[in-house]
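Tertiary structure, described
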Amino acid sequence: MQGTLSIWLAKRGLVHRSLGFDYQGIETLQIKPEDWHSIAVILYVYGYNYLRSQCAYDVAPGGLLASVYHLTRIEYGVNQAEEVCIKVFTPRSNPRIPSVFWVWKSTDFQERESYDMLGITYDSHPRLKRILMPESWIGWPLRKDYIAPNFYEIQDAY
């Protein structure tokens with residue numbers, strides 16, 4: 001079942017895949033990494049000028065990585081906001097997605113955190129470096145196939 005945004009994108013020949021609706025009725029779309037930046041600009045111009053959040057997750061051990069964007073369009077007032085969830089999947093062997101920092105500045109630290117925890121490279125991000133882990137950290141801690149290093153000791157909490 002397609003939502004209104006999916007139908008609008010299809011009429012304009014913009015490649016995407018509808019993933020249905022979540023439990024709150026928010027439309028979820030899948031966009032290919034190579035199409036993401038241009039579609040992001042189009043969505044911004046269309047009125048989705050508020051990025052509520054960006055996150056990323058590991059779909060399955062050895063499988064794809066996903067970057068998720070929650071966008072909001074407030075055209076008729078705060079009580080009638082339209083929301084959409086965009087998912088961009090990328091292979092873990094070379095996880096690259098165009099950064100949308102230049103579209104929504106609020107994605108700055110969020111894309112950096114996704115890079116730091118999962119190793120997704122956001123092309124054209126102005127300051128893509130680790131934000132939570134030390135620069136010397138090896139690996140990507142939130143990947144399902146991550147093996148925790150044994151060079152640190154668990155501290156006593158007392």
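Computed from a predicted structure; not experimentally measured. (Residues numbered from 1 in each chain as written. Predicted model: local features only at pLDDT ≥ 70, side-chain atom pairs only at ≥ 80, totals over all residues. Heavy atoms only, no water.)

Glancing now at the nonpolar core. Counting residues in each nonpolar core, the largest one holds 27 residues, and the members touching the most others are Leu5, Trp36, Leu43, Tyr69, Leu71, Ile86 and Trp104. At the level of elements, helix H1 (4–11), helix H2 (33–46), strand S3 (50–58), strand S4 (64–73), strand S5 (82–91) and helix H3 (108–118) are the ones that each hand at least two residues to this core. Per-element accounting of this core gives the leading share, four residues, to H2. (Core = buried A, V, L, I, M, F, W, Y, C linked by side-chain atoms within 4.5 Å. Buried < 20%, exposed > 50% of the residue type's maximum accessible area, 1.4 Å probe, protein only. Helix = DSSP H or I, 4+ residues; strand = E, 2+ residues; numbered from the N terminus.)

This part is about the sheet that holds strand S2 (residues 27–30). Taken in spatial order, the five strands of this open sheet run S1-S2-S5-S4-S3, and their pairing is mixed. With partners counted over all chains shown, the strands left at the sheet margins are strand S1 (17–21) and S3, one partner each. Neighbour to neighbour, the strand axes of the sheet diverge by 20° on average, direction disregarded. Alignment of S1 against S2, held across three bridges, turns out to be antiparallel. The residue of S2 that forms the bridge with arginine 17 is glutamine 30. (Pairing = 2+ DSSP bridges. Axes fitted to C-alpha atoms, helices over the stretch in contact; angles between N-to-C directions.)

Without other data, these values stay purely geometric and don't point to any function.
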